[in-house]
Amino acid sequence: AQKVTQAQTEISVVEKEDVTLDCVYETRDTTYYLFWYKQPPSGELVFLIRRNSFDEQNEISGRYSWNFQKSTSSFNFTITASQVVDSAVYFCALSGPTDNFNKFYFGSGTKLNVKP
Amino acid sequence: GAGVSQSPRYKVAKRGQDVALRCDPISGHVSLFWYQQALGQGPEFLTYFQNEAQLDKSGLPSDRFFAERPEGSVSTLKIQRTQQEDSAVYLCASSLVSVGRGRIDTEAFFGQGTRLTVV
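Along each chain, residue indices are assigned from 1 in the same order as the chain's sequence is written. As a convention, the first chain written is A and the first ligand written is 1, with the rest following in written order. With pLDDT at 70 or above as the cut-off, local features in this predicted model cover only qualifying residues; side-chain atom pairs require 80 or more to be listed or tallied, and sums for whole chains, interfaces and linings still use all residues. Side-chain numbers come from the whole structure's heavy atoms, not from hydrogens or water.

1. Observations regarding the side chain of B:Asp56
Quick note on the threshold: Helix numbering and strand numbering both begin at the N terminus, where a helix is a DSSP run of H or I of at least 4 residues and a strand a DSSP run of E of at least 2. Only protein chains enter the calculation, and the probe is 1.4 Å; a residue is then buried if its accessible area is under 20% of its type maximum, exposed if over 50%, and partly exposed in between. His residues and chain termini do not enter the charge count, which takes Lys and Arg as positive and Asp and Glu as negative. Salt bridges are defined by distance alone: a side-chain nitrogen of Lys or Arg within 4 Å of a carboxyl oxygen of Asp or Glu. Whenever a nitrogen or oxygen atom comes within 3.5 Å of another N or O atom, the pair is scored as a polar contact, on the condition that within protein one atom can donate a hydrogen and the other can accept it, and that pairs from neighbouring residues in sequence are kept only if both atoms are in side chains. Contact criterion: two residues are considered in contact whenever any of their non-hydrogen atoms come within 4.5 Å of each other.
With respect to the helices and strands, the residue B:Asp56 is situated in strand β6 (residues 53-56). Of the side chains with opposite charge, A:Lys103 lies nearest to the buried B:Asp56, which makes no salt bridge, at 4.3 Å. A distance of 2.7 Å separates polar atoms of two side chains, one belonging to B:Asp56 and the other to B:Ser58. Contact partners of B:Asp56, with chain neighbours within four places excluded, come to A:Lys103, B:Phe45, B:Leu46, B:Thr47 and B:Tyr48.

As structure tokens, this is what we get:
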């Protein structure tokens, strides 16, 4: 079965703190894609990153970084020096060949509150 | 337009009423997806179109849900005889090319969604 678990329902931090959002996934596929999306209060899902299962290199983009660990089936997301504008719900998602890559399986999301 | 556009943004329906939700994808995008997002949950897949062909409708929760994309651009999600459990945000997404055939060439762009409340 395809499943994504985001155990942290809500996290509150003070601006400039670092914060890590956890994502654990389950899949029977050997090839798959992992994603992170941001959902601000306006409602649309904003694409942040896509990671191929064959590429375990960690990635950094500005204040954002992602740690992909195949051994623990985790794809965690860290925001360094958080800002108030980072406040949103963050979703981790999985896509694989079982469904011809046409479905995203989303976690239940982590709501991040960054306070000034 | 610049992004995926959905209308209406908000819809209140009386139980038993039929509703139609519209999605205008980004021009030229081949793939179109509908997702249902219940309060406090992640989006759940409903259906997928490649151009006008509905290739996967396995996520539609019942035969009251129907989606179409007759000309391969605008799509409509119709819910007949709405029930309270249909209350959710309905998200539409589009992507430039097919995401099948073992690879993904581009990310999916999501609209702001339609919040449906059935009373």
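2. Description of the state of the cysteines
Let me state the cut-off plainly: Working definition: a disulfide is two cysteine sulfur atoms within 2.5 Å of each other.
One pass over the full model with this rule turns up two disulfides over all chains. Between the sulfur atoms of A:Cys23 and its disulfide partner A:Cys92 the distance amounts to 2.0 Å. Looking down the S-S bond of the A:Cys23 and A:Cys92 bridge, the torsion is -65 degrees, so its handedness is left-handed. With A:Cys23 in the loop between β3 (19-21) and β4 (24-26) and A:Cys92 in strand β10 (residues 88-95), this pair connects stretches of sequence that are 69 residues apart. We classify A:Cys23 as buried; its relative accessible area is 0%. Judged by relative accessible area, which is 0%, A:Cys92 ranks as buried. In this model, B:Cys23 is linked to B:Cys92 through a disulfide, with the two sulfur atoms separated by 1.9 Å. Disulfide B:Cys23 to B:Cys92: torsion about the S-S bond roughly -70 degrees, handedness left-handed. Linking B:Cys23 in strand β3 (residues 19-24) with B:Cys92 in strand β9 (residues 88-95), this pair joins segments that are 69 residues apart in sequence. Each member of the pair B:Cys23 and B:Cys92 is classed as buried.

3. Digging into the pattern of salt bridges
This model, assessed by the stated rule, comprises six salt bridges over all chains. Across the salt bridge formed by B:Glu68 and B:Lys78, the nearest N and O atoms sit 3.3 Å from each other. Residue B:Glu68 is located in strand β7 (residues 65-68), and its partner B:Lys78 is located in strand β8 (residues 75-79); the two are separated by 10 residues in the primary sequence. Three or more residues are tied together by salt bridges with common partners; here these are A:Arg51, A:Asp55 and A:Glu59.

4. Let's talk about the layout of surface pockets
What counts is decided by this rule: Every definition here rests on a 1 Å grid over the protein atoms only: cavities are sets of points where a 1.4 Å probe fits but cannot get out, pockets are open sets enclosed by protein on both sides within 12 Å along at least five of seven lines, and lining residues have some atom within 4 Å of a point. Grid points are joined across faces, edges and corners, and a volume is the space filled by probe spheres set on the points.
Quantified by volume, the largest pocket comes out at close to 680 Å³. Taken together, 35 residues form the lining of the largest pocket, with A:Gln39, A:Val89, B:Gln37, B:Leu39 and B:Arg115 sitting closest to its centre. Mapped by element, the contributors of at least two residues to the lining of the largest pocket are β10 and β12 (110-115) of chain A together with β9 and β11 (114-118) of chain B. There is about 280 Å³ of room inside the second largest pocket. Lining the second largest pocket are 21 residues, and of these A:Tyr105, A:Phe106, B:Pro43, B:Glu44 and B:Phe45 lie nearest its centre. Those elements giving two or more residues to the lining of the second largest pocket turn out to be β1 (3-5) and β11 (105-106) of chain A together with β5 (44-50) of chain B.

Read these as layout, nothing more, since geometry by itself doesn't imply function.
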